[in-house]
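# Analysis of the macromolecular model
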Amino acid sequence: MKQDEMILAIETSCDETAVALVKNGTEIMANVVASQIESHKRFGGVVPEVASRHHVEQITVVMEEALQMAGVTMDDVTAVAVTEGPGLVGALLIGVNAAKALAFAHGLPLVPVHHIAGHIYANRLITEMKFPLLALVVSGGHTELVLMKEHGSFEVIGETRDDAAGEAYDKVARTLNLPYPGGPHIDRLAQDGAPVLNLPRAWLEADSYDFSFSGLKSAVINTVHNAAQRGETIKPEDLAASFQESVIDVLVEKTARAAREYDVKQVLLAGGVAANKGLRAALEAKFSGLPQELAIPPLYLCTDNAAMIAAAGSIAYQKGKRADWALNGVPGLDLEAQ
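As annotated in an unreviewed UniProt entry, the protein chain carries the name tRNA N6-adenosine threonylcarbamoyltransferase and comes from Fictibacillus terranigra. Quoted verbatim from the Sequence similarities (unreviewed entry) field of UniProt, the annotation for the protein chain is "Belongs to the KAE1 / TsaD family." Quoted verbatim from the Catalytic activity (unreviewed entry) field of the UniProt record, the comment on the protein chain reads "L-threonylcarbamoyladenylate + adenosine(37) in tRNA = N(6)-L-threonylcarbamoyladenosine(37) in tRNA + AMP + H(+)".

In structure tokens, the structure reads:
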């Protein structure tokens, strides 16, 4: 009888220390995440050195908890997968070295995983992927449209030219004096407001699938400052709703246009900003009348976690992808080179 494949995965690319065990690529046995948001909140963003130190403190504790939760030992593990990049180099190094030590000590294969591939493969934990497919990846550091013709093949057909959507959310949140991370706070405020302010939408060239959010961010800041100089007050709820609509309109329209042009069977939403209620609702409304199947992961699989790294790692393992003991953290790792 064929033994079940069990991937132990480690994710430490930013400010979450995460370890998961996933069976046969799709069945989550354990998915433990230690968040550092409270530590970084007072700085208004992630402090790389602080993040790295927290990872050092948490990694073995999280690993032990994941194994206990899954009810397995290292003898049951087939391979160790780890985020190689992109991310904060100090943070990546903690996960990479923990994975190398674990794989070396137990004589297991070491499988390197691209963080964005992980976000895309979070969808495989809820539904089977149907090719060709299009993934809209929206996170703090990334906004891109990725075409996949088969497992493990990534072609970036559009990406941000400046700020990622998540960065724009955090910067606008600071303007509204909202705590870090700003995205969830703006999303909540937007539910109670109306998009009455006329903010720009960066469509770029007619045939482009690229994104640009820095102009929108500047327009929001200018709107707030101009109103203050005139002694006027703008309802924060309306500003949040107007900003969110500007971001979502462009994301949804470009995704729908690319899905049509590339004739894909499935559209996947991925990344931390995939937790945004406004974006999820807009995509569902748009694709309800279109032939492409839309997949949106549950909230706990949108933000950084190790189950998604295990899902991508399972495919990489089956394709024979291995790392040696020289594996390093690569902050600018290229998705298309995977």
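## Some points on the side chain of D210
Turning to its location among the elements, D210 is positioned in the loop between α6 (182-191) and α7 (214-229). A distance of 3.0 Å separates polar atoms of two side chains, one belonging to D210 and the other to R161. In this structure, D210 is in contact with G158, E159, R161, L204 and K254, ignoring residues within four places of it in sequence.

## Some details on the UniProt feature "binding site: substrate" (unreviewed entry) in the protein chain
As recorded in UniProt, the feature "binding site: substrate" (unreviewed entry) lies at V137, V138, S139, G140, G141, D170, G183, D187 and N276. As for the largest pocket, its lining draws on S139, G140, G141, D170, G183, D187 and N276 from among the annotated residues. Its location among the elements puts G140 in the loop between β6 (133-138) and β7 (143-148). Among the residues examined, G140 registers a relative accessible area of 41% and is labelled partly exposed. Relative to the assigned elements, D187 resides in helix α6. In contact with D187, not counting residues within four places along its chain, are Q244, A275, N276, K277 and G278.

## As for the pattern of salt bridges
Going through the model one piece at a time under the given rule, you end up with 13 salt bridges. As a salt-bridge pair, D4 and K23 come within 3.7 Å of each other at their nearest N and O atoms. Taken together, the residues span a long stretch of sequence, with D4 in the segment before β1 (6-11) and K23 in strand β2 (residues 16-23) at a distance of 19 residues. One salt bridge connects K171 with D163, and the closest N-O pair in it is separated by 3.3 Å. D163 sits in the buried class, given a relative accessible area of 8%.

## What about unusual backbone geometry?
With an omega of -10°, the peptide bond between G85 and P86 qualifies as cis. Checked against the element boundaries, P86 lands in the loop between β4 (79-85) and α3 (89-106). The omega angle of the peptide bond from Y180 to P181 is -5°, so this bond is cis rather than trans. You can see P181 is positioned in the loop between α5 (165-175) and α6. Of note, the phi angle at D263 is positive, near 50°, even though the residue is not glycine. Assignment of secondary structure puts D263 in the loop between α8 (236-261) and β9 (266-270).

Calculation rules
- Residues numbered from 1 in each chain as written.
- Predicted model: local features only at pLDDT ≥ 70, side-chain atom pairs only at ≥ 80, totals over all residues.
- Heavy atoms only, no water.
- UniProt positions renumbered as here; feature names shortened; annotations may be inferred.
- Helix = DSSP H or I, 4+ residues; strand = E, 2+ residues; numbered from the N terminus.
- Polar contact = N/O pair within 3.5 Å; in protein donor to acceptor, adjacent residues only side chain to side chain.
- Contact = heavy atoms within 4.5 Å.
- 1 Å grid on protein atoms, 1.4 Å probe; cavity = no way out; pocket = protein on both sides within 12 Å on 5 of 7 lines; lining within 4 Å.
- Buried < 20%, exposed > 50% of the residue type's maximum accessible area, 1.4 Å probe, protein only.
- Salt bridge = Lys/Arg side-chain N within 4 Å of Asp/Glu carboxyl O.

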